[in-house]
There are 2 protein chains.
Amino acid sequence: VNATRRSGAVSSQPDVILVDGRAERSVSVLDRGLHFGDGVFETIACRFGRPRFLSLHMERLALGCARLGIIAGTLEDVRDEVSQLARESADHAILKILLTRGTALVRGYGATGQEKATRVTLRYAWPHEDPAWSQEGVRVRTAALRLGENPALAGIKHCNRLEQILARAESTDPDIPEALMFSHSGKLISGTMSNVFLVEEAQLRTPRLDVGGVSGVMRRVVLREAGRAGVDARECDLHADDLHRASEVFLTNARIGIWPVRSVDERALGAPGPITRHLQRLVAPLLEEPAHE
Amino acid sequence: VNATRRSGAVSSQPDVILVDGRAERSVSVLDRGLHFGDGVFETIACRFGRPRFLSLHMERLALGCARLGIIAGTLEDVRDEVSQLARESADHAILKILLTRGTALVRGYGATGQEKATRVTLRYAWPHEDPAWSQEGVRVRTAALRLGENPALAGIKHCNRLEQILARAESTDPDIPEALMFSHSGKLISGTMSNVFLVEEAQLRTPRLDVGGVSGVMRRVVLREAGRAGVDARECDLHADDLHRASEVFLTNARIGIWPVRSVDERALGAPGPITRHLQRLVAPLLEEPAHE
């Protein structure tokens, strides 16, 4: 426990702000990100001076740009910038990379195809988190808000996030750090900022992300590591009854790694189950040693 | 036909840019509008120095802020600013008002409730448009992309517009200025930037906007004027077969007023029908005389 953690005073403001690689703190009022959420982003955990799972983040960023038709040029600049900022960070850090389609050349939704992407890079201190959340698990609730289903946007980490914002706003209980979200037709999709896994009869399952949700970097890592370790893991359609039947539930994202879930709404799941523990042990070295990715 | 129209060189860039009422051209890189599309907007037609249907725009803006929990303070400032900019415009103009939740105070989707809204105001020249579009009608297509269904976001003019952007990007044919959009479950919702009305057996129908779409200002005006004139007009669930059966189809938005539709994909509808013409005559005075609103 270092001084920052003891004081609990980790800044919630970035210590580095770059726009297109330059030290600027503002973007054009005409940016299409501002008007339409017309962009994609990545949130990258940096540990011991290295960005974790950088290749997977870059892959998703490129896919998001391709899907939305955002012309980001070479992403090598992004990779270099991320690596350098991670190296220069005192300790652990969070990097957020935002790529919008750029400044609007015309009024309205239609883009000309000539827009030049805007890149915003933010570096934040690693946030303090109660260590019990990853060791003993978290309480989660199910969000009342249901996600719209749209295959065209499913999987990518785009900037249309009003659904997640409204779902988070349903509760301000600091002891319930995440909410599970169902789609309009009743499919379990994800948390507001995490992916979700269920264990049913020793099978590991996570929602297929064909109508919504973000294809999380840690979700990919968990599926890969589970497969390598011989755990029966699959993506499928899941609904409320699957959640109710699950013997274990856990959440993943690139920063938190794996959070066991110890209760969903009023239903207690108890201590982290054996498959959750097994996967936590499998991914733990990857979380602290980026070289192993 | 004035000089600008002859040259076809109406600027696509705003001639006035204000941020929170001040002449600035940029916003903070931490603005939640930029990161999440966390905001609402209005596009207001100004004719002869007056903003058209201002009360209806202000009402929708206030509703959007309330639904999203954006604390915009009094909207009197917005009303005053809009009126003044309309008065100062040389001729006709388009005003865009964007209200975001403001600069992020913390990282992530969750807002603290202490954010202060950012207001961006843009004034554009009135765009040139082929007069045949309102007189003879437009060709429209149906978009391949289907809208996600979400009652929480339906009706308001929020800034999560990737669906509309992708739908517009499906075609760049300048002779097809609009695309009709269906929802994920097959409901007809609207155009990408307009509302849609159908005439079936002398009944005027427009999609109910309970799962998607924007509650358009001109849509409200048309429903109101139709009701006053004794036209049987109703909001209901509409699907592809209703569109196929319709004898008349027209589009509305605050700028264009009413555009008759002369073809949908390969199906020709011919010259504007009698109910479309009737409604165009009813709303015409309102479009040029804001005092009558």
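Residues numbered from 1 in each chain as written. Chains lettered and ligands numbered in written order. Predicted model: local features only at pLDDT ≥ 70, side-chain atom pairs only at ≥ 80, totals over all residues. Heavy atoms only, no water.

Novice: Quick question: what am I supposed to make of the relation of the copies chain B and chain A here?
Specialist: Once chain B has been moved 0.0 Å along the axis and rotated by 180 degrees, it coincides with chain A to within an RMSD of 0.0 Å. Taken together, these values place the two copies in the relation of a two-fold axis. Comparing interface residues between copies, 100% of those in chain B also lie at the interface in chain A; the contact surface is shared. (Least-squares fit on C-alpha atoms with pLDDT ≥ 70 in both. Contact = heavy atoms within 4.5 Å.)

Novice: For this particular structure, what's the right way to read the sheet that holds strand S5 (residues 93–100) of chain B?
Specialist: Hydrogen bonds along the backbone pair up the strands of a sheet, which may run parallel or antiparallel. All names here are of chain B. Spatially, five strands are ordered S1-S6-S5-S3-S4 in an open sheet, and the strand pairing comes out antiparallel. The open sheet is flanked by strand S1 (16–19) and strand S4 (50–51), the only strands paired with a single partner. Relative to S4, strand S3 (residues 39–47) is paired through two bridges, and the arrangement is antiparallel. Bridge pairing in S4 places Arg 47 opposite Arg 50. (Pairing = 2+ DSSP bridges. Helix = DSSP H or I, 4+ residues; strand = E, 2+ residues; numbered from the N terminus.)

Novice: Explanation requested: the sheet that holds strand S5 (residues 93–100) of chain A in the structure shown.
Specialist: All names here are of chain A. Strand order in the open sheet formed by five strands is S1-S6-S5-S3-S4, with antiparallel pairing between adjacent strands. Edge positions in the open sheet fall to strand S1 (16–19) and strand S4 (50–51), since each of these has one partner strand only. Set on the sheet, helix H3 (residues 54–68) makes contact with strand S3 (39–47), S4 and S5; between it and S3 the angle comes to about 175 degrees. (Axes fitted to C-alpha atoms, helices over the stretch in contact; angles between N-to-C directions.)

Novice: What should I look at first to understand the nonpolar core in this one?
Specialist: Within soluble globular proteins, side chains that are nonpolar tend to cluster in buried spots. In terms of nonpolar packing, the biggest core is built from 104 residues, with Val 29 and Leu 68 of chain A together with Val 29 and Leu 68 of chain B touching the most fellow members. Residues contacting Val 29 of chain B, with those up to four places away along its chain left out, are Ile 17, Val 19, Arg 25, Ser 26, Val 27, Val 120 and Leu 122 of chain A together with Leu 34 and His 35 of chain B. (Core = buried A, V, L, I, M, F, W, Y, C linked by side-chain atoms within 4.5 Å. Buried < 20%, exposed > 50% of the residue type's maximum accessible area, 1.4 Å probe, protein only.)

Novice: Help me understand the pattern of salt bridges in this model?
Specialist: Any two side chains of opposite charge can pair, so long as their charged atoms come close to each other. Enumeration over the complete set of coordinates arrives at 40 salt bridges over all chains. Across the pair Arg 47 of chain B and Glu 288 of chain B runs a salt bridge, and its minimum N-O distance is 2.9 Å. You can see Arg 47 of chain B sitting in strand S3 and its partner Glu 288 of chain B sitting in helix H9 (residues 274–288), a full 241 residues away along the chain. Classification of Glu 288 of chain B by relative accessible area gives partly exposed; the value is 29%. Taken together, the salt bridges that share partners define one network made up of Glu 200, Arg 205, Asp 241, Asp 242 and Arg 245 of chain A. (Salt bridge = Lys/Arg side-chain N within 4 Å of Asp/Glu carboxyl O.)

Novice: How do you make sense of helix H6 (residues 162–169) of chain B when you look at a structure like this?
Specialist: With six of eight residues buried, H6 of chain B lies mostly within the body of the structure. All buried positions along H6 of chain B are accounted for by Leu 162, Glu 163, Gln 164, Ile 165, Leu 166 and Ala 167 of chain B. Contact partners of the buried residues in H6 of chain B: helix H2 (32–36) and H3 of chain A together with strand S7 (138–142) and strand S8 (178–182) of chain B.

Novice: Help me understand the interface of chain B and chain A, please; the structure alone is not making it clear to me.
Specialist: Accessible area lost during the coming together of the parts is what is often quoted as the interface size. Taken together, the contact pairs 63 residues of chain B with 63 residues of chain A. For the chain B and chain A pair, buried surface summed over both sides reaches about 4,900 Å², with 66% attributable to carbon and sulfur atoms. Joining chain B to chain A, the criterion identifies zero salt bridges. Our count for the contact surface shared by chain B and chain A stands at 26 residue pairs in polar contact (both at pLDDT 80 or more). Counting only elements with at least two residues in the side of chain B that touches chain A, the list comes to S1, strand S2 (26–28), helix H2 (32–36), S3, helix H3 (54–68), S5, strand S6 (118–125) and H6 of chain B. In terms of residues, the side of chain B that touches chain A owes the most to one element, H6 of chain B, which gives six residues. (Buried area = accessible area lost by both parts, 1.4 Å probe. Polar contact = N/O pair within 3.5 Å; in protein donor to acceptor, adjacent residues only side chain to side chain.)

The analysis is restricted to geometry; functional conclusions fall outside its scope.
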